[in-house]
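# Structure at a glance
Residue strings, one per chain:
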Amino acid sequence: MKKQFAVIGLGRFGFSVAKTLANFDFEVLAIDSSEQRTQEASNIVTHVVQADSTDEEALRALGLRNFDVVVVAIGQDIQASILTTIIVKEIGVPKVVVKAQNELHGKVLKKVGADKVIYPERDMGMRVAHHLVSSNIIDYIELSDDYSIVEIAATHALIGKNLRQLDIRAKYGCNVMAVKNGDKMNIAPHAEDLIQEGDVLVVVGKNTDLQHFEVTFAE
Ligand code: ATP
């Protein structure tokens, strides 16, 4: 059966999550306390309900227990975000993803049971900064506070060299996990494999080491 999603809080972020899931043809229940916000979402997602998510009875009555994933996208009202997270977890939703305003908010959310805490502004800011350092950075995925994966399009400094010559592991402490080119994916690159024009390197490492690597091979 298809996963059931609910999104609580239809600000710019929650709305975008709900709309994208709906575009993927998932059924989405969107909840917001504002009449205007619920009206705006009504022709985009399957079910829209105007309710205060800090009202446990209201959430239970909506059958939230049966949802696989609930996204709590209330930003400004930190108290409402925390209370909602506690209630949704108590109801028994297996995966609760919550948007945090700041690190402290995020820590509290973890403590009260959020399965995943996201910081959209911080993460997007990081992505943009990485793109600015090197326009060859295609994507940037944070694995933990200290480790990430970057996808970097091969630059002139990389093309025509093999992994042995580049000695990325020893020199930069990073690991080239895979090399993509169009639809082709080499998930076990050999030391002798030449990096070609159009290749995208998927590199894992410590953030500081990755930064060193990115800056060195920026052009
Ligand atoms: P964004 O940056 O995504 O636009 P935001 O972080 O500024 O959003 P808010 O605008 O504070 O977040 O909240 C997002 C939505 O959550 C709003 O539409 C607001 O009406 C709704 N909301 C706030 N509190 C509650 C609540 N207790 N129950 C339901 N919805 C709520």
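The structure presented is a predicted model; accordingly, all values stated were derived computationally and were not measured. (Residues numbered from 1 in each chain as written. Predicted model: local features only at pLDDT ≥ 70, side-chain atom pairs only at ≥ 80, totals over all residues. Heavy atoms only, no water.)

## With respect to the UniProt feature "domain: RCK N-terminal" (unreviewed entry) in the protein chain
In the numbering used here, UniProt assigns the feature "domain: RCK N-terminal" (unreviewed entry) to residues 2–118. For the annotated span residues 2–118, helix accounts for 41% and strand for 21% of the residues, and the straight-line distance between the end C-alpha atoms is 24 Å. (UniProt positions renumbered as here; feature names shortened; annotations may be inferred. Helix = DSSP H or I, 4+ residues; strand = E, 2+ residues; numbered from the N terminus.)

## Side note on the sheet that holds strand β10 (residues 184–186)
Pairing in this open sheet of five strands is antiparallel, and the strands run β7-β8-β11-β9-β10 from one edge to the other. Only two strands of the sheet have a single neighbouring strand rather than two, namely β7 (137–142) and β10. The average undirected angle you get between the axes of adjacent strands in this sheet is 20°. Sheet topology places strand β8 (residues 147–153) next to strand β11 (residues 200–206); seven bridges connect them, and they run antiparallel. Directly across from Ser148, in β11, lies its bridge partner Gly205. Taken strand by strand, helix α9 (residues 207–216) contacts β7, β8 and β11, and its axis lies near 140° from that of β11. (Pairing = 2+ DSSP bridges. Axes fitted to C-alpha atoms, helices over the stretch in contact; angles between N-to-C directions. Contact = heavy atoms within 4.5 Å.)

## Overview of the site of the ligand
The ligand sits among 19 residues. The nearest are Arg12, Phe13, Asp32, Arg37 and Gln76. Within the side chain of Asp32, one N or O atom sits 2.6 Å away from an oxygen atom of the ligand. Ser53 is positioned such that a nitrogen or oxygen atom in its backbone is 2.9 Å from a nitrogen atom of the ligand. Alone, the ligand offers 630 Å² of accessible surface; in the complex the protein occludes 86% of this. Here the shell around the ligand is built from residues that sort into six nonpolar, eight polar and five charged. (Near = heavy atom within 4 Å. Polar contact = N/O pair within 3.5 Å; in protein donor to acceptor, adjacent residues only side chain to side chain. Areas by Shrake-Rupley, 256 points an atom, 1.4 Å probe, with all protein chains shown as cover. Nonpolar A, V, L, I, M, F, W, Y, C, P; charged D, E, K, R; others polar.)

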